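# Coordinate analysis (summary)
What follows is the residue order along each chain.
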Amino acid sequence: FVAPTVLNVKRARIRGAELGAELGAEGEAWGFQWQAAFTAQRPRDEETGRRLQGRAEHFGTVEARRTFGAWTAGMTVRASGNRFDSTVESAESRLSSYGVVDARLRYAVNKHVALELHATNLGDKRHESAVGYDAPRRGVLLSLRFEAF
């Protein structure tokens, strides 16, 4: 394994579009609150024309949540296109595209205390944040939350 070289670029330009939508309590669809975002971009080093290090050309998220009395359940899907962990777009530095699903369950004990269960990367999808560095795999976190205000 050879660590990729990280170099600064003199001039960078990112052209693209970001789309986002949020449906709150007033705009529920099918009983769920929805939020979504998608980005399509062309991140380039203006000197070389190559893609900027660590930048995907496409990525997005979709989140849905629903409340049943004191209970709230939610799910998030995050996806990203491939990226390069170098400035030269070498095959060895290519980070593959991925999609990850997370889920949440919350029980409001009262207006100040809640019990929360978070499950991340439900499919245990293996992907790298940088060459040789795995992103977190499946995880579960149980927490007790106190909000004073």
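See the structure printed just above.
This text gives an overview of the structure that appears in the document. (Residues numbered from 1 in each chain as written. Predicted model: local features only at pLDDT ≥ 70, side-chain atom pairs only at ≥ 80, totals over all residues. Heavy atoms only, no water.)

## Here we look at the overall build of the protein
Here is the rule we go by: For the purposes of this entry, the term helix denotes a DSSP run of H or I that reaches at least four residues, the term strand denotes a run of E that reaches at least two, and both are numbered from the N terminus. We take the radius of gyration over the C-alpha atoms and set the globule estimate at 2.2 Å times the residue count to the 0.38 power. Exposure is judged per residue with a 1.4 Å probe applied to protein chains only, and the accessible area is read against the type maximum: over 50% gives exposed, under 20% gives buried, and values in between give partly exposed.
Of regular secondary structure, the protein possesses 0 helices and 11 strands. Here the protein has a C-alpha radius of gyration of 19 Å; the compact-globule value for 149 residues is 15 Å, and the former is much larger. Its C-alpha atoms give the protein principal-axis dimensions of roughly 55 × 35 × 30 Å. A buried classification covers 25% of the 149 residues belonging to the protein.

## Quick word on a nonpolar patch on the surface
Heads up, the condition is: Two distance rules govern patches: like charges are joined within 9 Å, and nonpolar side chains (Val, Leu, Ile, Met, Phe, Trp, Tyr) within 5 Å, applied only to residues with over 30% relative accessible area and no salt bridge. A 1.4 Å probe and the Shrake-Rupley method give the accessible areas. Residues count as covered only by the protein chains that appear here. A side-chain nitrogen of Lys or Arg and a carboxyl oxygen of Asp or Glu constitute a salt bridge if their distance falls within 4 Å.
On the surface, a cluster of nonpolar side chains totalling about 970 Å² of accessible area is made up of Phe-68, Trp-71, Leu-105, Tyr-107, Val-109, Leu-115, Leu-117, Val-140, Leu-142 and Leu-144. Looking at the nonpolar patch, the elements with two or more residues in it are strand E7 (98–108), strand E8 (113–120) and strand E11 (139–146). Element by element, the count of residues in the nonpolar patch is highest for E11, at 3 residues. In this structure, Val-109 sits in the loop between E7 and E8. The partly exposed category is assigned to Val-109, whose relative accessible area is 47%.

## Some thoughts on the pairing of E8
Every regular strand shows the same layout, with side chains that alternate between the two sheet faces. For clarity, the threshold we go by: Here a strand pair is declared whenever DSSP counts at least two bridges between the two strands.
Pairing between E7 and E8: 6 bridges, direction antiparallel. Bridge pairing links Tyr-107 to Leu-115 in E8. Connecting the antiparallel pair E7 and E8 is a turn made up of 4 residues. Two strands pair when backbone bridges link them, and E8 and E11 are joined in this way by 8 bridges, in the antiparallel orientation. The partner of Glu-116 across the bridge, within E11, is Ser-143.

## Quick word on the pattern of salt bridges
Summed over all chains, the structure comprises 13 salt bridges. Taking the shortest distance from any N to any O, the salt bridge between Glu-116 and Arg-106 comes out at 2.9 Å. Of this pair, Glu-116 sits in strand E8 while Arg-106 sits in strand E7, and the two are 10 residues apart along the sequence. Between Arg-137 and Asp-124 there is a salt bridge, and its shortest N-O distance comes to 3.3 Å. Here Arg-137 is found in the loop between strand E10 (133–134) and E11, whereas its partner Asp-124 is found in the loop between E8 and strand E9 (128–130), with 13 residues between them in sequence. The exposure class of Arg-137 is partly exposed, given its relative accessible area of 38%. Through salt bridges with shared partners, a single ionic network connects Arg-106, Glu-116, Arg-145 and Glu-147.

## Some thoughts on the environment of Ser-96
Inclusion rule: By definition, residues are in contact when any of their heavy atoms lie within 4.5 Å.
Turning to its location among the elements, Ser-96 is positioned in the loop between strand E6 (94–95) and E7. Distance from Ser-96 to Ala-56, taken between C-alpha atoms, is 9.7 Å for residues 40 residues apart in sequence. Contacts of Ser-96, omitting those with residues within four sequence positions, involve Asn-82 and Arg-83.

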